[in-house]
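The primary structure of each chain is shown beneath.
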Amino acid sequence: MRSDRMRSIAEELDANGYSPVEGWGENGWAVTLNITEEIDSLKSFGINQFNVYISDRVSVRRSLPDVRRRECRDKKYRVDLPSTSIIIVFHNEAFSTLLRSVNSIIDRSPHHLLKEIILVDDFSKRAFLHAPLEKELAVLSTRVAIKIIRSRERIGLIRARMIGATHASGDVLTFLDSHIECTEGWLEPLLERIREDRKNVPCPIIDVINDATFAYQKGIEQFRGGFNWNLAFRWYSMPSDMIHARSGDHTQPIQSPTMAGGLFSIDRRYFEELGTYDPGMDIWGGENLEMSFRIWQCGGRVEIVPCSHVGHIFRKSSPHDFPGRTSGSVLNANLMRVAEVWMDEWKWLFYKTAPQALKLRETIDVSERVELRKRLRCKSFQ
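Residues numbered from 1 in each chain as written. Predicted model: local features only at pLDDT ≥ 70, side-chain atom pairs only at ≥ 80, totals over all residues. Heavy atoms only, no water.

Trainee: Help me understand helix 2 (residues 35-48) in this model?
Mentor: Spacing of three or four residues puts side chains on the same side of an α-helix, whose turn is 3.6 residues. At L42, helix 2 is bent by approximately 35 degrees, the largest bend along its length. Every buried residue of helix 2 is accounted for by E37, S41, S44, I47 and N48. Where helix 2 ends, the next residue or the one after it, Q49, has phi of about 60 degrees, a positive value. (Bend = angle between axes of the 7 residues up to and from the residue. Helix = DSSP H or I, 4+ residues; strand = E, 2+ residues; numbered from the N terminus. Buried < 20%, exposed > 50% of the residue type's maximum accessible area, 1.4 Å probe, protein only.)

Below, the structure is given as structure tokens:
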């Protein structure tokens, strides 16, 4: 009986159930299920920690509302913006959400700005993410160049993104998650900010794709990224003086202390000069703060661009494991590296809240990143 159940779970994980139903989720509307469908959807919810039953029945080329302000829709952008390589890392992603991500990029981006889409497979084991996915990508690659790079072992988001970057040839790197949907006009505002200053690192407004209904919900444009002394990323509303300063033009970029990290663009050569990602960090966690601190302290600027909107499925928990380690041990090690390299005397505020991270100071070598900071002549955390 146990072996039958294990076989059933394996088949469920490996099954590609993409079978679109006409009208479902169009224009970003929520999908409402009847009681039988709801029960069926709950059985598979834990596979990806979102409603894959609905995702598989929503077209991978569904329509979305244009959620931009009118001023954004009226903006004109230069034709000679820099080109970009889009980098998406995936690990056991749902077939429908991954293809929806790729299709939304192709359908809603000016093709002369899209150098390529690079998909980095972080050792996915589900069968549909191999030959069936490559078959679909072969069709899409007649419209835009698509590369797929496969890791032979689980390396995590950080190192997989670094691999993707080494294969990129666009002027700009644009990192996106594997369960997103790009909206009309999302790309040009990001590339314009980099054309104006190569040390600008712009992020889109992150809209919400509801994990239960797949409704597309406009994000809040008056939030920016911050952090607490646990070094957990948090969204905070802009201070009143910043809101007042922008009242005459709501399309202005918003200076943001930190980025969420899942979605942003950066000049490719600047990314390399700045030290890419910290290769000593494992899997994921804390890399967004490390990147944010490094950009600000070393002469760059993190921004949120209100005229760019990209939807993202926010999950309440991760369905992925940390091979051979716990999520807490990985996160503590990553955040210790952030604190030791970039935070100067302020690191002790973090260590007060994270004694497990403090214990790692004697066992983890960060000297290479300390030398990078000296070489870049970065400012203090103060």
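Trainee: Is there a simple way to think about the pairing of strand 3 (residues 146-150) in this case?
Mentor: Consecutive residues of a regular strand have side chains that alternate between opposite faces of the sheet. One ladder, built from five bridges, connects strand 2 (residues 114-121) with strand 3; its direction is parallel. Bridging across to strand 3, L119 finds its partner in I148. (Pairing = 2+ DSSP bridges.)

Trainee: Got a minute to help me understand empty space enclosed by the protein in this structure?
Mentor: Regions of empty space are outlined by a rolling probe, equal in size to a water molecule, passed over the atoms. Applying the stated criterion across every chain yields a total of four cavities of 30 Å³ or more. Of the volumes computed, that of the largest cavity is approximately 40 Å³. Within the residue set of the lining of the largest cavity, elements represented by two or more residues are strand 6 (200-209) and strand 12 (301-313). The class makeup of the residues in the lining of the largest cavity is eight nonpolar, three polar and no charged. (1 Å grid on protein atoms, 1.4 Å probe; cavity = no way out; pocket = protein on both sides within 12 Å on 5 of 7 lines; lining within 4 Å. Points joined across faces, edges and corners; volume = space filled by probe spheres on them. Nonpolar A, V, L, I, M, F, W, Y, C, P; charged D, E, K, R; others polar.)

Trainee: How should I be thinking about the state of the cysteines in this particular structure?
Mentor: Defined simply, a disulfide is a covalent bond joining two cysteines at their sulfur atoms. The tally for this structure, following the rule as stated, stands at two disulfides. The disulfide partner of C72 is C307, and the gap between their sulfur atoms is 2.1 Å. The disulfide joining C72 to C307 has a torsion of about -75 degrees about its S-S bond and is therefore left-handed. Note that C72 is positioned in helix 4 (residues 70-74) and C307 in strand 12, a separation of 235 residues in sequence. With respect to burial, C72 and C307 carry one shared label: buried. Paired by a disulfide, C298 and C378 hold their sulfur atoms 2.0 Å apart. Here the disulfide of C298 and C378 is right-handed, its torsion about the S-S bond being about 100 degrees. Here C298 is found in the loop between helix 11 (287-297) and strand 12, whereas its partner C378 is found in the segment after helix 15 (367-375), with 80 residues between them in sequence. C378 shares its class with C298; the two are buried. (Disulfide = S-S within 2.5 Å.)

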